[in-house]
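These are the residues of each chain, in order.
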Amino acid sequence: MPQILLSEGPSNGVRLLTLNRPEALNALNTALLEALSEQLDIAETDPETKAVVITGSERAFAAGADINEMASRDVVGMLEDPRVQHWARIDRFVKPLIIAVNGFCLGGGCELAMRGDILIAGTNAQFGQPEINLGIMPGAGGTQRLVRAVGQSLAMQMVLTGEAIGAQRALAAGLITEICQPELTVERAMAIATTIASKGPIAVQLARESVRRGADMDLAAGLRFERHAFTILAATEDRREGLDAFRNKRKPQFSGR
Ligand code: CAA
């Protein structure tokens, strides 16, 4: 049986994870989310992995939660849904997560993509929360992350009409940072991840945490968190190395200490 999640690397500090359920447009069933959780466990503890790229196929990043699996669950089944803990695992991941989207990025697929730190997409990408068409609503962060990413008016329109937006609209709305030719999307995501992987990993981790936490805090609390994180970095060898390299006009060699 083909693997539903392919893992490559790390190469230059970057691990590539590819969703691989083409027969269901990469619909996220429990097995796929579990495989993703397991790979993130591996990536997190592997010192050679500094960043992770998640992608799908050219036709679909992921067309949502697996509707067939969802249909078999009643309310108790939903309460006990094991996928909830896998979503939470993705949320807890501490290394940079770059998402490379081509094709359909719908429902749970869009909710997975929005868990990334940086999203880039192919010209053929379609982002949407079509759950309303099924008589349900987004249940893995769609209503919360979409409004933070694109603002209330567009989020409401997408969630309440179920209509998807293309890559250009997603770029204009701030959901993604770049648009590429579909065949170059993964390459570009890998290049961004490789750049990040070349930086000091402690500074990357704390800067990432500061940006992510700040989005959910008031400004004063966010600024306090940033200051504490900035201060902690004064204890690292990487800071000494970075400053020394600048002053001596050489390239820094970060050790992650
Ligand atoms: N779950 C399970 N199977 C899916 C799927 C999904 N989310 N999306 C597509 N598939 C399957 C189709 O059933 C089809 O399988 P068969 O060949 O065995 O019939 C195969 O993938 C190819 O799909 P289509 O033939 O439908 O391809 P298309 O190009 O005509 O249409 C599409 C593509 C518009 C994406 C359409 O497949 C579609 O609308 N998919 C469902 C999208 C959706 O509603 N997603 C939200 C799911 S709910 C959710 O995600 C909840 C949450 O918040 C966690």
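It should be noted that the structure appears before, not after, this text.
Every residue gets a number counted from 1 within its own chain, in the order that chain's sequence is written. Given that this is a predicted model, residues contribute local features only at a pLDDT of at least 70 and side-chain atom pairs are listed and counted only at 80 or more, while totals for whole chains, interfaces and linings are drawn from all residues. The basis for every side-chain value is the complete set of non-hydrogen atoms in the structure, without hydrogens or water.

Chemist: Mind laying out the overall build of the chain, listing which residues take part and the relevant values?
Modeler: If you tally the helices and strands in the chain, you get 12 helices and 10 strands. Every radius of gyration here is taken over C-alpha atoms, with the globule rule written as 2.2 Å times N^0.38, N being the number of residues. In terms of overall dimensions, the chain is globule-like: its C-alpha atoms have a radius of gyration of 19 Å, near the 18 Å expected for 257 residues. Per-residue burial over the chain gives 44% buried out of 257 residues. Only heavy atoms enter the contact rule, under which two residues are in contact if any of them lie within 4.5 Å. Considering only residue pairs separated by 6 or more positions, the chain has 66% of its internal contacts joining residues 24 or more positions apart. For accessible areas, the Shrake-Rupley method is used with a probe of radius 1.4 Å. Any residue's cover is judged against the shown protein chains and nothing else. Accessible surface for the chain amounts to roughly 13,500 Å². Of this, 56% is attributable to carbon and sulfur atoms. Where helices and strands are cited, they refer to DSSP runs of H or I of at least four residues and of E of at least two residues respectively, numbered from the N terminus. Per-residue accessibility, obtained with a 1.4 Å probe over protein chains only, is compared with the maximum for each type, and a residue is labelled buried under 20%, exposed over 50%, and partly exposed between these values.

Chemist: Could you give an account of helix α4 (residues 83–92), naming the residues involved and the relevant values?
Modeler: Every buried residue of α4 is accounted for by Arg83, His86, Trp87, Arg89 and Ile90. Viewed along the axis of α4, the buried residues span an arc of 155 degrees, placing them on a single side of the element. Turned more than 90 degrees from where α4 packs its buried face, Val84, Gln85 and Arg92 sit exposed. Residues of α4 that are buried sit in contact with α1 (30–45), α2 (67–71), β5 (97–101) and α5 (108–113). Within this analysis, the arc is defined by the directions that extend from the helix axis to the C-beta atoms.

Chemist: Can you explain the pattern of salt bridges? Please cite residues and give values.
Modeler: We define a salt bridge as a contact between a side-chain nitrogen of Lys or Arg and a carboxyl oxygen of Asp or Glu at a distance within 4 Å. For the structure shown, the criterion picks out 17 salt bridges. Across the salt bridge formed by Arg115 and Asp91, the nearest N and O atoms sit 2.7 Å from each other. With Arg115 in the loop between α5 and β7 (118–122) and Asp91 in helix α4, this residue pair connects regions lying 24 residues apart in the sequence.

Chemist: Run through the layout of surface pockets, naming residues and quoting values.
Modeler: Empty space among the atoms can be located by rolling a probe the size of a water molecule over them. Buriedness for pockets is judged along seven lines, at least five of which must meet protein on both sides within 12 Å for an open set on the 1 Å grid over protein atoms alone, while cavities are sets there where a 1.4 Å probe fits but cannot get out, and lining residues have an atom within 4 Å of a point. Grid points are joined across faces, edges and corners, and a volume is the space filled by probe spheres set on the points. Space inside the largest pocket adds up to approximately 770 Å³. What lines the largest pocket is a set of 25 residues, among which Met114, Gly116, Asp117, Arg212 and Ala215 lie closest to the centre. Contributing elements (two or more residues each) for the lining of the largest pocket: β7, α6 (142–150) and α10 (201–214). Amino acids are sorted into nonpolar (Ala, Val, Leu, Ile, Met, Phe, Trp, Tyr, Cys and Pro), charged (Asp, Glu, Lys and Arg) and polar (every other residue, Gly among them). Class assignment of the residues belonging to the lining of the largest pocket gives a composition of 13 nonpolar, 5 polar and 7 charged. Along the walls of the second largest pocket sit 27 residues, with Ala65, Met70, Arg83, Ile136 and Gly139 positioned nearest its centre. Of the residues contributing to the lining of the second largest pocket, the split by class is 16 nonpolar, 5 polar and 6 charged.

Chemist: Can you break down the packing of α10 against helix α11 (residues 219–232) residue by residue, with the values?
Modeler: With axes taken as lines fitted to C-alpha atoms, and helix axes fitted only over the stretch in contact, angles between N-to-C directions fall between 0 and 180 degrees. Two elements in contact, α10 and α11, have axes separated by 10 Å at closest approach and are oriented at 175 degrees. For the element pair α10 / α11, the angle class is roughly antiparallel. In this structure, α10 uses Leu206, Glu209, Ser210 and Arg213 to contact α11, whose residues at the interface are Phe225, Glu226, Ala229 and Ile232. Looking at the contact of α10 with α11 residue by residue, the class counts come to 4 nonpolar, 1 polar and 3 charged. Angles are sorted into four bins: roughly parallel if under 35 degrees, roughly antiparallel if over 145, roughly perpendicular if 65 to 115, and oblique for all others.

Chemist: Give a detailed account of the pairing of β7, specifying residues and quantitative values.
Modeler: Buried residues dominate β7, accounting for 4 of its 5 residues. If DSSP finds at least two bridges between two strands, the strands pair. With 4 bridges connecting them, β5 and β7 associate as parallel partners. Directly across from Ala100, in β7, lies its bridge partner Ile120. Summarising the sheet, β7 and strand β10 (residues 178–180) pair through 3 bridges and their orientation is parallel. Across the sheet, Gly122 pairs through a bridge with Cys180, a residue of β10.

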